[in-house]
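The lines below spell out each chain.
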Amino acid sequence: MKTIISGVALAALCLATPALAQEFESQVPGESVRDLHDRVLTMDTHVDIDGKYATYELDPGTMTAAQVDLPKMRAGGLDAAFFIVYVGQDEVTEAGYAEARAKAEDKYVRIRRMLDAYPDQVELALTADDVERIAATGKRVALIGMENAYPLGPSVEDLEMWRDRGVRYVSITHMGHNQFGDSSNLRFDLGDEPGQNDGLTDLGRELVKEANRLGIMVDISHVGKQTTMQAMELSTAPVVASHSGAKAVSDNPRNLDDEQLRALAENGGVAQMVAFDSYVKRPSDARIDAEEAIRAEMGMESSADRQAASEEKRREYYSRINALDAEFPPATVADVVDHIDHAVEVAGIDHVGISSDFDGGGGVTGWDNAAETPNVTAELVKRGYSEEEIEKLWGGNLRRVMRAVEAAAE
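Fair warning: this is a prediction, and the values are worked out from it, not measured in the lab.

**A closer look at the environment of Ala-404**
Relative to the helices and strands, Ala-404 is located in helix α16 (residues 387-409). Judged by its relative accessible area of 28%, Ala-404 falls in the partly exposed class. Along the backbone, Ala-404 and Gly-269 are 135 residues apart, and their C-alpha atoms lie at a distance of 9.4 Å.

**Some remarks on the packing of helix α8 (residues 225-234) against helix α9 (residues 258-267)**
It is at 10 Å that the axes of α8 and α9 come closest, and there the two elements cross at 15°. Between α8 and α9, the angle falls in the class roughly parallel. The chirality of how α8 crosses α9 is left-handed. Facing α8, whose interface residues are Lys-225, Thr-228, Met-229 and Met-232, α9 presents Glu-259, Gln-260, Ala-263, Leu-264 and Asn-267. Classifying every residue of the contact of α8 with α9 gives 4 nonpolar, 3 polar and 2 charged.

**Some thoughts on the packing of aromatic side chains**
For any pair of aromatic rings, geometry is given as the distance between the ring centres together with the angle between the planes. Within the structure shown, the criterion is met by 7 aromatic pairs. Pairing Phe-358 with Trp-367 gives two aromatic rings, centres 5.1 Å apart and planes at 65°, and the pair type is edge-to-face. In terms of burial, Phe-358 and Trp-367 fall into one category: buried. Plain terms: the ring middles of Trp-367 and Trp-394 are 5.9 Å apart, the flat faces sit at 85° to each other, and that makes the pair edge-to-face. One end of the pair, Trp-367, is in the loop between β9 (352-355) and α15 (374-382); the other, Trp-394, is in helix α16, with 27 residues separating them in the sequence. You'll find Trp-367 and Trp-394 in the same group, each marked buried.

**What to know about the nonpolar core**
If you look at the biggest cluster of nonpolar residues, it comprises 88 residues, and the most contacted ones within it are Phe-83, Ile-340, Trp-367, Leu-380 and Leu-393. In terms of residue count, the dominant contributor to this core is helix α14 (residues 333-347) (8 residues). In contact with Phe-83, not counting residues within four places along its chain, are Val-47, Ile-49, Tyr-53, Val-68, Met-73, Ile-111, Met-114, Ala-142, Leu-143, Ile-144 and Gly-145. Counting residues in each nonpolar core, the second largest holds 22 residues, with Leu-41, Ile-134, Val-141 and Tyr-169 among its members.

**Looking at the pairing of strand β7 (residues 240-244)**
Of all 5 residues that make up β7, 5 are buried, and the element is covered over most of its length. The sheet contact formed by β7 and strand β8 (residues 270-274) spans 3 bridges and is parallel. By the bridge assignment for β8, Ser-244 is matched with Met-273. For the handedness criterion, the β-α-β arrangement of β7, α9 and β8 is classed as right-handed.

**Some details on the packing of α15 against α16**
Interhelical geometry of α15 versus α16 gives an angle of 145° and a closest axis separation of 10 Å. Between α15 and α16 the crossing geometry is right-handed. Across from Val-376, Thr-377, Leu-380 and Val-381 in α15, the residues of α16 making contact are Ile-390, Leu-393 and Trp-394.

**What about the pattern of salt bridges?**
In total, this model carries 36 salt bridges according to the counting rule given. With a closest N to O distance of 2.8 Å, Asp-189 and Arg-187 form a salt bridge. On the basis of relative accessible area, Asp-189 is assigned to the exposed category, the value being 54%. With a closest N to O distance of 2.8 Å, Glu-379 and Arg-383 form a salt bridge. Through salt bridges with shared partners, a single ionic network connects Lys-52, Glu-57, Glu-311, Arg-314 and Arg-315.

Here is what the cut-offs are and how they apply
- Residues numbered from 1 in each chain as written.
- Predicted model: local features only at pLDDT ≥ 70, side-chain atom pairs only at ≥ 80, totals over all residues.
- Heavy atoms only, no water.
- Helix = DSSP H or I, 4+ residues; strand = E, 2+ residues; numbered from the N terminus.
- Buried < 20%, exposed > 50% of the residue type's maximum accessible area, 1.4 Å probe, protein only.
- Axes fitted to C-alpha atoms, helices over the stretch in contact; angles between N-to-C directions.
- Parallel < 35°, antiparallel > 145°, perpendicular 65-115°, else oblique.
- Left-handed = near helix turned anticlockwise from the far one by under 90°.
- Contact = heavy atoms within 4.5 Å.
- Nonpolar A, V, L, I, M, F, W, Y, C, P; charged D, E, K, R; others polar.
- Phe/Tyr/Trp six-rings, centres within 6.5 Å; stacked < 30°, edge-to-face > 60°.
- Core = buried A, V, L, I, M, F, W, Y, C linked by side-chain atoms within 4.5 Å.
- Pairing = 2+ DSSP bridges.
- Right-handed = clockwise from strand over helix to strand, strands pointing away.
- Salt bridge = Lys/Arg side-chain N within 4 Å of Asp/Glu carboxyl O.

Rendered as structure tokens:
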């Protein structure tokens with residue numbers, strides 16, 4: 001039988017990855033899971049990019065240190081990915097908006113460089129039909145999402161410009177409240193208070209309406225519960241949680257509880273279950289204490305500290321954090337599928353999907369880069385999901401939502 005990714009392919013790609021998942025029989029006798037996986041159009045709804053992306057230091061057309069690049073996508077049969085224009089939350093001021101716009105512009109330019117440098121390997125999709133058309137040619141499919149609407153500033157006027165550039169979902173918040181609404185995670189260093197906006201602000205309501213008008217999916221990942229429920233009630237199109245977990249499986253503030261999952265199903269949307277270790281599997285108190293000690297010692301206690309650090313210092317920091325895995329085993333592919341199982345049970349098979357959050361903190365044992373993507377399919381087969389159900393989870397549901405949003409805009 002074939003392994004999920006052949007040893008020869010892995011050696012050729014020089015991948016240092018964990019042991020691959022056990023091969024399971026597909027629903028078709030004599031067929032490997034890889035055969036099934038390759039038939040399914042796979043979409044990852046959240047892939048971050050860093051400050052070196054699309055430069056001589058990190059060329060996405062080659063094998064890189066990043067979790068996602070074009071060779072890894074091909075090796076793992078990952079057909080499509082949303083590449084993210086991400087900007088972390090900062091002060092809600094004119095100066096803060098200006099800096100956020102510049103950072104968002106930089107992320108967009110890097111995505112554009114990849115597309116322009118490798119037109120024979122990857123193409124930008126603007127619609128669900130585009131995704132299927134491009135994938136049929138054998139090219140990788142790139143889509144664009146905006147994580148945190150903060151760079152839009154004090155109005156929603158710029159959203160149309162971002163739509164024209166290719167953005168097809170926008171999340172209302174990230175870590176910390178912003179001008180559009182309340183986040184699932186407070187930033188006390190920015191003066192956040194619980195429920196300070198009572199959910200969506202007036203500007204946040206404008207954002208939802210404008211996204212509906214423009215055919216952009218409203219993303220509720222990283223968004224506070226009250227904000228989330230209000231956005232779903234207000235939206236005239238289905239919404240998406242681009243990278244979230246199930247709170248009943250792992251009690252994290254940014255995961256979705258069962259009420260939110262049921263509301264998302266009623267809205268017609270989709271919850272993309274994320275492979276971010278600390279959201280998938282709640283770390284022990286001992287692990288948390290060990291990480292906090294490292295952060296304090298290195299002066300890396302906030303995301304701003306880590307972003308401002310030198311590459312050498314960040315590398316040392318993540319090396320020390322990762323070394324803790326030996327004592328405190330991280331989450332696995334099976335843990336991710338536990339979230340999928342629960343979300344399917346609560347919301348239904350038509351309202352659940354899969355995302356990695358690669359290069360933004362995502363990755364679990366067995367799915368730590370795009371080349372290991374078939375391991376997720378293997379675990380789904382092991383749990384008894386049919387090929388039709390796996391196709392829905394790997395992007396069919398997301399494309400349905402895209403089409404509904406496109407139709408609502410029209």
